[in-house]
Amino acid sequence: MPVIAIANPKGGVGKSTLATNLAGALAQRGHWVMLGDLDRQQSARQWLGIRPPQVAPISGWTIREGSDVVRPPRGTTHAVIDSPAGLRGKRLDALMKMADYLLVPLQPSLFDIQATHAFLTELQQHPRYGRVKIGLVAMRVKDHTIALGRLQEFVATLPAPMITALRDTQNYVHLAASGLTIWDVAPGRVERDLAQWAPLMDWIDAA
């Protein structure tokens, strides 16, 4: 079962947006997907709670009766893990041990760039670095801006590739409010967004 973790210690970079829409993409392909939420805010879990029953199903953790132990529901083929801000130490170690892929979302700002550089440096010291496939996803990007140009220059110096850049659009915000992803609506409504996801899905498929 592939486990795809979404992680960046900096808050507000779009981890839950990336996690929920990735889960939606995999579910739309017919996979049995679990969306696990390690964030104290439980954003992904709350989103699952409002997801309409008529769209592709996505499950949450199964909690073993009488304990706090969580695990994927039986039959799960793919797991997406949404992680909290401030991910360090033992919690990062636990995530790295379970992950096959690690996606690092970041926005084109100086603060995100600095935080991501420090995070990738920390990841390079982990024993499983090199066994976990790591990629960057630029979030809330505005085309033809100085900030985007600086982000692209920065990413070129990093040990992990930038897989794709997702544009700054209200589509994600409006759909999330109804428990939906861009994969749950008519393709013509989100055509540009679906095209930006194609490189990421190809990257996952290529493993």
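The coordinates are above.
Residues numbered from 1 in each chain as written. Predicted model: local features only at pLDDT ≥ 70, side-chain atom pairs only at ≥ 80, totals over all residues. Heavy atoms only, no water.

Enquirer: Help me get a handle on the pattern of salt bridges, residues and values and all.
Expert: Side chains bearing opposite charge may pair, as long as their charged atoms lie close to each other. Enumeration over the complete set of coordinates arrives at 6 salt bridges. The partner of lysine 10 in a salt bridge is aspartate 112, with the nearest N and O atoms 3.1 Å apart. Within this pair, whereas lysine 10 is found in the loop between β1 (3–6) and α1 (15–28), its partner aspartate 112 is found in helix α4 (residues 110–124), the two being separated by 102 residues in sequence. We classify lysine 10 as partly exposed; its relative accessible area is 25%. On the accessibility criterion, aspartate 112 (2% relative accessible area) is buried. Note that arginine 51 is salt-bridged to aspartate 184, the shortest N-O span being 2.8 Å. With arginine 51 in the loop between α2 (43–49) and β3 (58–59) and aspartate 184 in the loop between α6 (171–176) and α7 (191–205), the pair connects residues that are 133 residues apart, well separated along the chain. Here arginine 51 and aspartate 184 have matching classes, each one buried. (Salt bridge = Lys/Arg side-chain N within 4 Å of Asp/Glu carboxyl O. Helix = DSSP H or I, 4+ residues; strand = E, 2+ residues; numbered from the N terminus. Buried < 20%, exposed > 50% of the residue type's maximum accessible area, 1.4 Å probe, protein only.)

Enquirer: Residues and numbers for the nonpolar core, please.
Expert: Leu18, Leu22, Leu35, Val80, Leu103, Trp197 and Leu200 are the most contacted members of the largest nonpolar core, which has 36 residues in total. Sorting elements by how many residues they give to this core places α1 first, with 7 residues. Apart from the residues lying within four places of it in its own chain, the contact partners of valine 80 are Ile4, Ile6, Ala19, Leu22, Ala23, Leu26, Val33, Met34, Leu35 and Gly36. In terms of nonpolar packing, the next biggest core, distinct from the first, is built from 29 residues, Leu95, Ala99, Phe154 and Val155 among them. (Core = buried A, V, L, I, M, F, W, Y, C linked by side-chain atoms within 4.5 Å. Contact = heavy atoms within 4.5 Å.)

Enquirer: Got a sec to walk through the sheet that holds β1? Specific residues and values, please.
Expert: Strand order in the open sheet made by the 7 strands is β3-β2-β6-β1-β7-β8-β9, with parallel pairing throughout. Each of the sheet's edge strands pairs with one partner strand only, and the pair in question is β3 and β9 (162–167). Relative to strand β8 (residues 133–141), strand β7 (residues 101–106) runs parallel, the two being bridged by 6 bridges. Bridged to proline 105 within β8 is valine 137. α1 rests against β1, β2 (33–37), β3, β6 (78–82), β7, β8 and β9 of the sheet, and its axis sits at about 170° to β6. (Pairing = 2+ DSSP bridges. Axes fitted to C-alpha atoms, helices over the stretch in contact; angles between N-to-C directions.)

Enquirer: So what's going on with the packing of aromatic side chains? Which residues, and what values?
Expert: The tally for this structure, following the rule as stated, stands at 2 aromatic pairs. Summarising the aromatic geometry, the rings of tryptophan 183 and tryptophan 197 are spaced 6.0 Å apart at their centres and angled 85° between planes, so their arrangement reads as edge-to-face. Remark: tryptophan 197 occurs in helix α7 and tryptophan 183 occurs in the loop between α6 and α7; sequence separation between them is 14 residues. For tryptophan 197, a relative accessible area of 0% gives the class buried. (Phe/Tyr/Trp six-rings, centres within 6.5 Å; stacked < 30°, edge-to-face > 60°.)

Enquirer: So what's going on with unusual backbone geometry? Residues and values would help.
Expert: A positive phi angle is found at arginine 140, which is not glycine, with a value near 55°. Following the sequence through the fold, arginine 140 ends up in strand β8.

Enquirer: Now, about the side chain of threonine 116: what can you tell me, with residues and values included?
Expert: Looking at the element boundaries, threonine 116 is found in helix α4. With a relative accessible area of 0%, threonine 116 lands in the buried category. In this view, threonine 116 contacts Asn8, Val104, Leu106 and Leu136; residues no more than four positions away in its chain are not counted.

Enquirer: Account for the environment of alanine 176, naming residues and giving values.
Expert: Turning to its location among the elements, alanine 176 is positioned in helix α6. Given a relative accessible area of 31%, alanine 176 falls into the partly exposed group. For the pair alanine 176 and leucine 158, spaced 18 residues apart in sequence, the C-alpha to C-alpha distance is 31 Å. Setting aside residues up to four positions removed in sequence, alanine 176 forms contacts with Trp47 and Ile50.

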